[in-house]
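Reading the structure
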Amino acid sequence: MNVKTNHRATVFIGGAVGRWRVDAMQAVAGPALASVSRVAVVGDAEHPCAGAWSLTGVPSYVRYVERREREELRALQAPLARAEATCAALIPIRKSEAWWELTQEARRDIFEARSHHIANSMRFLPGIARQLYHSRDLGEPFDFLTWFEFAPAYRAAFEELVCELRSTEEWTFVTREIDIRLLLE
Ligand code: HEM
C-alpha cells in the first residue's frame, strides 16, 4: 500500500480556501513556503483542489515519551477542535542529518534530559492542545508537522513556549522551520 494514500494521513493545504485564515507566516529557519491567505486541513482521501503547497503527515507512536510522562500527558492534554480554540499554529520542522544519525538514546538525551522539551512544555497544557504528525518517512520536505490549537487568551503563553523551545539544544538541530499562525474565521 502506498503510504501517501494512508487514510490516517492529514494534509495541510496552503492556498486561497480552507477554514483557517493565515494571520502571520514566518520562515524561522531555512527557505520560506509561499505566502498564502488560508489553510485547509483535510484527510488524504478527500482530494481537494490544489493550493500553493500541501504538506502531509501521519500521527505516529511516541519515540521519546516514558511511562510516567505518558501518564502525565494523558491526564493533562486537551483534545483538538474545542469550541474556544479559535487560534492555531502549524509549524513544519525539519531536523539535520546529524540529528537523524544519532542513536535513539542520544536523541532522547538531547530532547528531554538536556532540552526538557516535555517537562518544560507540560505546564502549557491543557490550554494548548497539540498534535504531532510525522512526515519524514513519506518523503516530504519536513520531518514533522506540528499543530497547536488554543483560545485567544493563550496567545502570549504560546509565544513564550515557542521562544523557550527555540533556545534549547534540541533546536540547534532544526534546519528548517516555518511558523504559520491561523485564526478560525
Ligand atoms: C504544548 C506544549 C508541548 C508539549 C506538551 C509537547 C510535547 C511533546 C512530546 C511529548 C513529544 C515527543 C513525542 C515522542 O515521544 O515521539 C514532542 C515532540 C515534538 N515536539 Fe513538542 N510539545 C509541545 C510544544 C511544541 C511546540 C510549540 C513545538 C514547535 C515549535 C514542538 C515541536 C515538537 C517536535 C518537532 C517534536 C518531534 C521531535 C522529534 O521527534 O525529534 N512541540 N513534543
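Residues numbered from 1 in each chain as written. Predicted model: local features only at pLDDT ≥ 70, side-chain atom pairs only at ≥ 80, totals over all residues. Heavy atoms only, no water.

Points about the site of the ligand
Quick note on the threshold: Proximity is defined per residue: if any heavy atom of the residue lies within 4 Å of a molecule or strand, that residue is considered near it. The definition of a polar contact used here is a pair of N or O atoms within 3.5 Å, where within protein one atom must be able to donate a hydrogen and the other to accept one, and adjacent residues in sequence count solely through side-chain atom pairs. A run of DSSP states H or I qualifies as a helix once it reaches four residues; a run of E qualifies as a strand once it reaches two. Both are numbered from the N-terminal end. We call Asp, Glu, Lys and Arg charged. Ala, Val, Leu, Ile, Met, Phe, Trp, Tyr, Cys and Pro are nonpolar, and the rest, Gly among them, are polar.
Taken together, 25 residues form the shell around the ligand, and within it Arg63, Tyr64, Val65, Lys95 and His117 come nearest. The side chain of His117 places a nitrogen or oxygen atom 2.9 Å from a nitrogen atom of the ligand. Those elements that place two or more of their residues in the shell around the ligand are strand 5 (87-95), helix 4 (117-121), strand 6 (129-134), strand 7 (144-150) and helix 5 (155-166). Here the residues of the shell around the ligand are counted per class, giving 18 nonpolar, three polar and four charged.

Focus: helix 5
Counted only if it meets this: By this rule the span expected of a helix is its residue count minus one, scaled by 1.5 Å. Throughout, exposure labels follow a simple rule: accessible area from a 1.4 Å probe, protein chains only, divided by the maximum for the residue type, with under 20% read as buried, over 50% as exposed, and the rest as partly exposed. Directions are taken from the helix axis to each C-beta atom, and the arc is the one they span.
With 12 residues, helix 5 extends 17 Å from end C-alpha to end C-alpha; this agrees with the ideal 16 Å at 1.5 Å per step. Listing the buried residues of helix 5 in full gives Phe158, Leu161, Val162 and Leu165. Along the long axis of helix 5, the arc covered by the buried residues comes to 90 degrees, so they all point the same way. Exposed residues lying more than 90 degrees from the buried face of helix 5 are Ala156 and Cys163.

With respect to the environment of Gly51
Heads up, the rule is: Here, two residues are considered to be in contact whenever any of their heavy atoms come within 4.5 Å of each other.
With respect to the element layout, Gly51 can be found in the loop between strand 3 (38-43) and strand 4 (53-57). Every residue in contact with Gly51, bar those within four places of it in the chain, is listed here: Ile13, Gly14 and Gly15.

Some remarks on the pairing of strand 7
Which entries qualify depends on this criterion: Think of it this way: DSSP has to see at least two bridges between two strands before they count as a pair.
Within strand 7, seven of the seven residues are buried, which leaves it mostly tucked inside the rest of the structure. Here strand 7 shows two buried faces, one formed by Phe144, Thr146, Phe148 and Phe150 and the other by Leu145, Trp147 and Glu149. Pairing between strand 5 and strand 7: seven bridges, direction antiparallel. Of the residues in strand 7, the one forming a bridge with Ala88 is Glu149. Pairing geometry for strand 6 and strand 7, over six bridges, is antiparallel. Bridge assignment links Tyr133 to a residue of strand 7, and that residue is Leu145.

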